[in-house]
Amino acid sequence: MPYQPGSCEELLRKLEGFNRYDEDQIDRYNHKYSFVIFSLLGLSVLVCEYVSDPISCWSPFEFPDSWVNYTRAICWISNTYHVPMTSPDWEYSSEREITYYQWVPLVLILQALLFGLPWLYWNNSNESFGISIHKMVKKCRDLEYSDTQLRTRTSQMLAADIDKAVRYSTSISLWSDRLQKATVKFARYGLFWGRSCGNRLTANYLHTKVLYILNIILQIHLMSRFLSVEYWLFGWRALNSVKSTGSHQELARFPRVAMCNFDIRAIGDKIHTYTVQCALPVNMFNEKIFIFAWFWLVAMGIFNVLSTLWWLVNTRQFRQNHFIKERLHDIGIIKDQRDDYKVSTFSRKYLQQDGCFILQMIDSNTNDVIILEIIEALWDRFYEEQPSVIEVL
């Protein structure tokens with residue numbers, strides 16, 4: 001088939017359509033890349049279990065082929081137990097039982113779904129705010145190579161949307177005037193949040209960040225219970241094993257050889273108990289998967305903590321004032337420190353935390369030209385309609 005440049009460009013555009021622009025790159029690694037990775041791991045184990053032979057048992061010589069097939073099936077669906085080859089005691093005990101390998105695909109797919117839960121929370125709270133940051137940024141990205149007139153007109157339209165959302169949020173109050181002023185002051189320090197405080201969207205995003213961290217903690221705890229191992233240090237201990245021995249050694253929780261007991265009911269209600277030795281080649285695959293999963297979860301946990309701290313600092317009032325001041329200075333509206341009060345009034349009274357947060361999110365997902373034009377349009381709106389600005393300080 002001849003190369004068609006148009007088809008490649010169309011494919012890239014379709015892949016780009018899966019991106020969300022109301023988040024940072026760490027969020028995408030959580031709900032998109034992690035979801036895809038764990039889903040593929042779960043499906044690959046599922047294929048390995050049901051297409052190839054995940055277990056093969058050493059059956060007694062007198063077993064016909066049908067009995068051999070039954071032995072393999074019953075040992076797969078029932079739990080095996082591991083006995084080291086050097087151990088003289090090969091009797092069954094609950095401590096030796098291996099109970100996890102049949103459920104590995106479902107658990108991996110469950111992990112993939114858990115990565116999407118914080119994103120669902122953020123997406124719903126974002127839409128309920130009355131403004132879609134994703135759609136706004138998408139419009140901005142579509143305008144990156146547009147003519148100046150169209151870009152200016154769209155920037156003014158987006159500024160009007162932000163203005164409407166900010167004004168609507170501050171117009172809702174369930175408190176008295178005095179109590180309202182007190183809650184807004186506490187809201188600057190993150191002690192209160194809500195529409196009337198002007199920081200509900202910001203708080204929801206920070207809550208989403210915390211949910212991503214809790215998701216990692218929950219998944220590591222889930223793996224500890226599922227595998228019956230101390231999964232918190234699982235990958236680290238595997239590395240130490242390689243470092244001390246010079247090669248990767250079989251982990252005790254993922255044995256390649258296990259024992260299986262099963263009963264056969266014969267004529268006359270006689271029960272015959274058989275003990276066979278089985279090979280579990282699927283455990284070679286499972287072991288590598290859970291080592292990789294440990295490193296991925298730990299890495300995502302570290303990045304989630306750093307990203308949460310970054311947004312926690314940069315959504316504080318002094319950082320948002322600095323962000324707005326830098327952009328207004330780039331535009332040429334702010335020239336010296338005598339205009340600091342105007343910047344503070346613009347960001348604190350007019351935009352508030354949510355307005356500044358929306359601009360920060362747009363800034364992190366598009367180029368400088370677009371964000372400067374939007375801020376300039378908001379600045380013009382603010383000073384044209386200054387008498388209507390809500391006095392909350």
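As a reminder, the structure under discussion sits directly above these lines.
Our subject in this report is the structure included herewith. This structure is a prediction, so every number in the text was calculated from the model and none was measured.

## A few points about the packing of aromatic side chains
Enumeration according to the criterion identifies 24 aromatic pairs in this entry. Pairing Trp122 with Tyr205 gives two aromatic rings, centres 5.0 Å apart and planes at 65 degrees, and the pair type is edge-to-face. With Trp122 in helix α4 (residues 104-128) and Tyr205 in helix α8 (residues 200-227), this residue pair connects regions lying 83 residues apart in the sequence. Arranged with centres 5.2 Å apart and planes meeting at 25 degrees, the rings of Tyr231 and Phe234 form a pair that is stacked.

## Considerations on the state of the cysteines
As used in these notes, a disulfide is a covalent bond between sulfur atoms, one from each of two cysteines. A full pass over the atoms with the stated rule returns two disulfides. Put simply, Cys57 and Cys278 are joined by a disulfide, and their sulfur atoms are 2.1 Å apart. The disulfide joining Cys57 to Cys278 has a torsion of about 100 degrees about its S-S bond and is therefore right-handed. Taken together, the residues Cys57 in strand β1 (residues 56-58) and Cys278 in strand β5 (residues 270-279) connect sequence positions 221 residues apart. The same class applies to Cys57 as to Cys278, namely buried. Between the sulfur atoms of Cys75 and its disulfide partner Cys260 the distance amounts to 2.1 Å. One disulfide, between Cys75 and Cys260, carries an S-S torsion of -95 degrees and so falls in the left-handed class. Within this pair, whereas Cys75 is found in helix α3 (residues 65-77), its partner Cys260 is found in strand β4 (residues 257-266), the two being separated by 185 residues in sequence.

## Points about the nonpolar core
Residues Cys75, Tyr231 and Phe290 are the most contacted members of the largest nonpolar core, which totals 42 residues. Examining the composition of this core, we find that nine residues originate from one element, helix α10 (residues 282-314), more than from any other. Here Phe290 is in contact with Val104, Leu108, Met223, Phe226, Leu227, Tyr231, Phe234 and Phe254, once residues within four sequence places are set aside. In this structure, Ile133, Leu328, Tyr350 and Leu351 belong to the second largest nonpolar core, which totals 41 residues.

## Focus: the environment of Arg327
The topology assignment puts Arg327 in helix α11 (residues 317-331). Since its relative accessible area comes to 12%, Arg327 is described here as buried. Leave out the neighbours within four places in its chain, and Arg327 touches Asp363, Leu372 and Ile375. A polar contact of 3.3 Å, which involves the side chain of Arg327, links it to the side chain of Glu326. Among the polar contacts listed, one links the side chain of Arg327 to the side chain of Asp363, at a separation of 3.1 Å.

Cut-off values and rules
- Residues numbered from 1 in each chain as written.
- Predicted model: local features only at pLDDT ≥ 70, side-chain atom pairs only at ≥ 80, totals over all residues.
- Heavy atoms only, no water.
- Phe/Tyr/Trp six-rings, centres within 6.5 Å; stacked < 30°, edge-to-face > 60°.
- Helix = DSSP H or I, 4+ residues; strand = E, 2+ residues; numbered from the N terminus.
- Disulfide = S-S within 2.5 Å.
- Buried < 20%, exposed > 50% of the residue type's maximum accessible area, 1.4 Å probe, protein only.
- Core = buried A, V, L, I, M, F, W, Y, C linked by side-chain atoms within 4.5 Å.
- Contact = heavy atoms within 4.5 Å.
- Polar contact = N/O pair within 3.5 Å; in protein donor to acceptor, adjacent residues only side chain to side chain.

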